[in-house]
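Okay, here's what each chain looks like letter by letter:
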Amino acid sequence: MAIQRVGIVGSGIMGSGIAEAAAVHGFEVVLRSRSQATADAMMAGLEKSLDRQVAKGKLDQQARDEAAGRVQAVSDLGALRDCDLVIESVVEDLAVKKHLFSELDRVCRDDAILATNTSTLPVVDLAMETGRPDRVCGIHFFNPAPVMSLVEVVRPLTASDETIAAAKAFAEACGKQPVEVKDRAGFIVNALLFPYLNNAVRLLEQGVAAMEDIDAAMKGGCGFPMGPFALLDLVGLDTSVAILDALYQEHRDPNYAPVPLLRRMVAAELLGRKSGRGFYDYRS
């Protein structure tokens, strides 16, 4: 099917980032949040991001204005009924997502594709909350969505070939590189990335090296753009623990069990950039 109108559900940075990536590439976007105030705030953030693209010379003013004009910010879930594709990007909580998919199945057209931006949770569980499991898949963008080139297209056992083909075509039309992956916790990137991040915290907890030195070593020795602790702060420590828990639940591999320091930092609300403090302090 040809996708022209895309719904995005979620009030976080990923939701607005996916909306921006789609709008810049010509898609009509309905950006839905739980309240009109947060929807309007997301729209304001999206416009600021577009302004930065203009300042960097990546967009001209006309393209910026046209992209912003393609986005409608709403609070009513029913506003998604005419979308060809709806992508949810809400909290990484399976119960919350399952309830949302049941609601989306009720309000969206029967031929619409419903997708999740989850990074670890089982897509098939969401598909089975609907009456259209063949039209449900994962479309996992990476943060920041307007910049990162990769999209993991996740195929649950229930998805049709047509659904996966449409999802990959959408990602390509957004200027992204889609990779197809089976519905398994962590998919490709997080299944490889989070044991590395977890073990970096383990090295710190064991006193092997200082945090700054571990970050410097991975940047200088492996050519990574940021070290593991800076990356954990960017992802969010609460999100990181949730991903590790999901990976451990499925695989029972000790490398996926969050080290105690991570859990204690989450309990202390030291979540990274989103809270102002994590491994590093971002308050100044």
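Placed above this text is the structure.
Computed from a predicted model, the values in this text were never measured in an experiment. (Residues numbered from 1 in each chain as written. Predicted model: local features only at pLDDT ≥ 70, side-chain atom pairs only at ≥ 80, totals over all residues. Heavy atoms only, no water.)

S.K.: Just checking my understanding: could you explain the environment of L46 for this structure?
M.R.: Here L46 shows up in helix α2 (residues 36-55). For the pair L46 and P254, spaced 208 residues apart in the sequence, the C-alpha separation amounts to 40 Å. (Helix = DSSP H or I, 4+ residues; strand = E, 2+ residues; numbered from the N terminus.)

S.K.: I would appreciate a short explanation of the packing of helix α1 (residues 13-24) against α2 in the present structure.
M.R.: To characterise two packed helices, one gives the angle between the axes of the helices and the distance between these axes. Taken N-terminus to C-terminus, the directions of α1 and α2 make an angle of 55°; their axes are 10 Å apart at the nearest point. When the axes of α1 and α2 are compared, the pair comes out oblique. As for the relative orientation of α1 and α2, their crossing is right-handed in sense. Along its contact with α1, which presents G15, S16, A19, E20 and V24, the element α2 presents M42, L46, S49, L50 and Q53. For the contact of α1 with α2, the per-class residue count stands at five nonpolar, four polar and one charged. (Axes fitted to C-alpha atoms, helices over the stretch in contact; angles between N-to-C directions. Parallel < 35°, antiparallel > 145°, perpendicular 65-115°, else oblique. Left-handed = near helix turned anticlockwise from the far one by under 90°. Contact = heavy atoms within 4.5 Å. Nonpolar A, V, L, I, M, F, W, Y, C, P; charged D, E, K, R; others polar.)

S.K.: I'm lost on the side chain of S240 in this one. Help?
M.R.: The residue S240 is located in helix α10 (residues 237-251) in this model. Judged by its relative accessible area of 0%, S240 is buried. When sequence neighbours within four positions are dropped, the list of residues in contact with S240 reads F194, L232 and V235. (Buried < 20%, exposed > 50% of the residue type's maximum accessible area, 1.4 Å probe, protein only.)

S.K.: Sorry, what's going on with the pattern of salt bridges here?
M.R.: For the coordinates displayed, the defined rule picks out 16 salt bridges. Note that R109 is salt-bridged to D84, the shortest N-O span being 2.9 Å. Of this pair, R109 sits in the loop between α4 (94-107) and β5 (113-116) while D84 sits in the loop between β3 (71-74) and β4 (85-88), placing them 25 residues apart in sequence. The exposure class of R109 is partly exposed, given its relative accessible area of 26%. For D84, a relative accessible area of 11% corresponds to the buried category. For K97, the salt bridge is made with E92, and the minimal N-O distance between the two is 3.3 Å. Looking at E92, the relative accessible area reads 25%, which means it is partly exposed. Residues participating in the shared-partner salt-bridge network are R155, D161, K168 and E180. (Salt bridge = Lys/Arg side-chain N within 4 Å of Asp/Glu carboxyl O.)

S.K.: It is not clear to me how unusual backbone geometry should be interpreted in this structure. Could you clarify?
M.R.: The general pattern is negative phi for most residues beyond glycine and trans for most peptide bonds. At the junction of N143 and P144, the peptide bond is cis and its omega measures out at 0° in the coordinates. Relative to the assigned elements, P144 resides in the loop between β6 (136-141) and β7 (150-155). Its identity is not glycine, yet R252 carries a phi of approximately 55°, on the positive side. Structurally, the position occupied by R252 is in the loop between α10 and α11 (260-267). Of note in this structure, E269 is not a glycine but carries a positive phi near 60°. Structurally, the position occupied by E269 is in the segment after α11.

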